[in-house]
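Residues per chain, in single letters:
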Amino acid sequence: MRRITSVILTTAFTLFLATFSFVQRVEANDPDFTITPPTMKYLMAFHGCTGGNCQDPHNHEVYLAQSDDGLKYSLVPGWKPYSGSVPTVFRRGNTIFIYNAWTNLRKIDLQTGVVHDAGIAKLTGNLVGFEQGGFVDPSIAQGSDGRFVMFYLPTQAASDPAGCGNQSSCVREIHYAEEVAGSGGTRFDDKGIAASKNLVSPQTFSDPDIFFNGSKWVLLVSEGPNVEAFTSSTLESSYTSAGIISKNSGGVPAGFRDPNSGQIWIFTTKDIDTAGSSVIRRTVSSTGTEELKTFDVVIDSTIYQGKKLSTIASPSLAINNQGAPCPTCAGNNNGNSGQQNNQNSNQQSSSPTPSATPMESSSPTPTPTPTPSSSPSKKVSATPTPTVKSTTITCVKGKITTKVTGINPKCPSGYTKKG
C-alpha cells in the first residue's frame with residue numbers, strides 16, 4: 001500500500017486491518033457509466049482524495065486523465081471517480097484496463113465509452129505465508145506471448161503489507177504473476193519474487209512500477225519518500241538493486257519510455273505540506289536508474305474542476321493505442337479484439353527489441369501460419385514436380401580428355417564433344 005509521509009507510516013497497520021471490510025464493499029459490482037473515449041496519446045490513472053483523513057485509502061478515488069505531451073493532463077470527459085487506491089492503467093486493443101489495490105478491475109470499452117466494473121481479479125499460486133489471493137499496488141507489463149504480467153505487493157496475514165507493523169524488523173517482497181490464458185485479465189498465477197528487502201521498522205517497501213528503458217527492465221519500488229530502482233535483462237526474473245534514485249524527492253513512482261523522444265519519464269508523488277496534500281511530478285532520465293533531481297508538477301488539485309483534490313497520488317502511465325496481438329488473451333468481456341498493447345513503460349514484451357514504440361513496440365507482430373483445411377468435403381492434394389536428370393558428356397582437346405556433367409552440358413571452349 002502507498003506510504004508517502006511519516007504520518008502515514010505510523011498508521012500503516014491500522015489501515016491494513018481496514019482493508020478487509022474494503023474488499024467486501026467493492027466485491028459487488030458498481031453501476032457502469034459512460035465517458036467520451038480518450039483520444040490523446042497518453043493515459044494516466046491516479047488516485048485522489050477530496051475530503052478529510054486522506055491517509056485512509058478508504059477515502060481514495062480513482063481518476064483517469066489524458067495528455068498529448070506527457071506534461072499537461074486533463075480528466076477524461078465524463079469520468080466519474082470511484083472508490084479505489086493505487087491504480088494501474090493499460091490499454092489492450094479497444095479496452096482500457098484499470099486495476100487498483102485490493103484487485104478491483106474496471107474495463108473501458110473504447111467503442112462505446114462504457115466503464116464496466118469487472119469485479120475482483122483473482123490471484124493463485126504458491127503463496128505460503130501470505131493472504132491467499134490477496135495483493136495490492138499492482139503494476140502491469142506485457143509478456144512475450146502478449147499476456148499481462150503483474151508486479152504486486154502481497155498482503156500479509158495480520159500485518160502491514162508495506163512495512164513491519166508491530167514487529168521491529170521484517171522482510172517484504174515484490175512478486176510477479178502471469179495472466180491466466182483466456183481469463184481476459186481477471187486471473188493471475190503467481191510466479192515468484194522479483195525483489196525483496198530486509199526492513200527495520202518504520203521502513204517500508206511497496207508500490208512497484210515496471211517499465212522497459214530501451215535495454216533492460218527497470219522495477220521501481222517506493223520506500224517512503226524515496227524510490228529504489230532494480231533491473232533485469234528479462235521481465236519475469238529476479239531483479240538486482242541499482243540504488244536509490246529518489247532521495248526525499250517523492251515516492252510512489254511510475255516509469256515510462258516515451259516512444260517519440262526515447263526519453264525516460266519518471267513520475268513521483270510528492271507531499272507539499274504537513275497535512276498530507278500531494279502532487280504528481282515528472283522528471284526526465286536517461287536510463288531510469290540514475291539519481292533524479294529536477295521535477296515539474298504535472299497534476300495538482302486544479303485538474304478536477306468543481307472539487308479540490310487535496311491528495312493527488314499513485315501515477316500510472318500507458319500509451320493510448322491498440323498494440324500487438326495477444327492470441328491467448330480472449331475471455332468473457334475481454335474486449336481486447338485480439339490486440340494487446342506492448343508498448344508502454346509498463347507495456348512491453350519480455351523479449352524487447354530496443355526500438356521505438358508508442359510505448360515501444362518490443363515484440364514483433366506474429367505472422368499467422370496457414371494450415372490445411374480439416375473439412376472432410378475438401379481434400380488437399382499435391383501436384384508432383386517432375387524430376388530433371390543430369391547427363392555427362394566427354395570432351396576432347398588433343399590428348400586431353402575431360403567430362404562435363406549437367407542438365408544441358410556443353411564442352412569448354414577449344415574442346416569437342418566425343419561420340
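Below, the structure is looked at part by part. Keep in mind the model is a prediction, meaning the values are calculated, not measured. (Residues numbered from 1 in each chain as written. Predicted model: local features only at pLDDT ≥ 70, side-chain atom pairs only at ≥ 80, totals over all residues. Heavy atoms only, no water.)

### Observations concerning the pattern of salt bridges
Then, in step 1: In the structure shown here, the tally under the stated rule is 8 salt bridges.
Then, in step 2: The salt bridge partner of Arg106 is Asp117, with a shortest N-O separation of 4.0 Å. Of this pair, Arg106 sits in strand S8 (residues 104-109) while Asp117 sits in strand S9 (residues 114-120), placing them 11 residues apart in sequence.
Then, in step 3: The exposure class assigned to Asp117 is buried, which follows from its relative accessible area of 1%.
Then, in step 4: Among the salt bridges present, the one from Asp145 reaches Arg147, with a minimum N-O distance of 2.7 Å.
Then, in step 5: Overall, Arg147 belongs to the buried group, its relative accessible area being 17%.
Then, in step 6: Several salt bridges share partner residues, and in doing so they unite Asp145, Arg147 and Glu178 into one network. (Salt bridge = Lys/Arg side-chain N within 4 Å of Asp/Glu carboxyl O. Helix = DSSP H or I, 4+ residues; strand = E, 2+ residues; numbered from the N terminus. Buried < 20%, exposed > 50% of the residue type's maximum accessible area, 1.4 Å probe, protein only.)

### Quick look at the packing of aromatic side chains
Then, in step 1: Tallied over the entire structure, the rule returns 17 aromatic pairs.
Then, in step 2: Seen from their ring centres, Trp79 and Tyr82 are 5.9 Å apart, and the 50° between their planes marks the pair as tilted. The burial state of Trp79 is the same as that of Tyr82; both residues are buried.
Then, in step 3: A centroid spacing of 6.5 Å and a plane angle of 15° characterise the contact between Phe97 and Tyr99, whose relative ring orientation is stacked.
Then, in step 4: Feature note: the residues Phe90, Phe97, Tyr99, Phe148 and Phe188 constitute an aromatic cluster, connected by ring pairs.
Then, in step 5: In this structure, Arg92 is placed above the aromatic ring of Phe148, and the distance from its NZ or CZ to the ring centre is 4.0 Å. (Phe/Tyr/Trp six-rings, centres within 6.5 Å; stacked < 30°, edge-to-face > 60°. Lys NZ or Arg CZ within 6 Å of the ring centre and 35° of its normal.)

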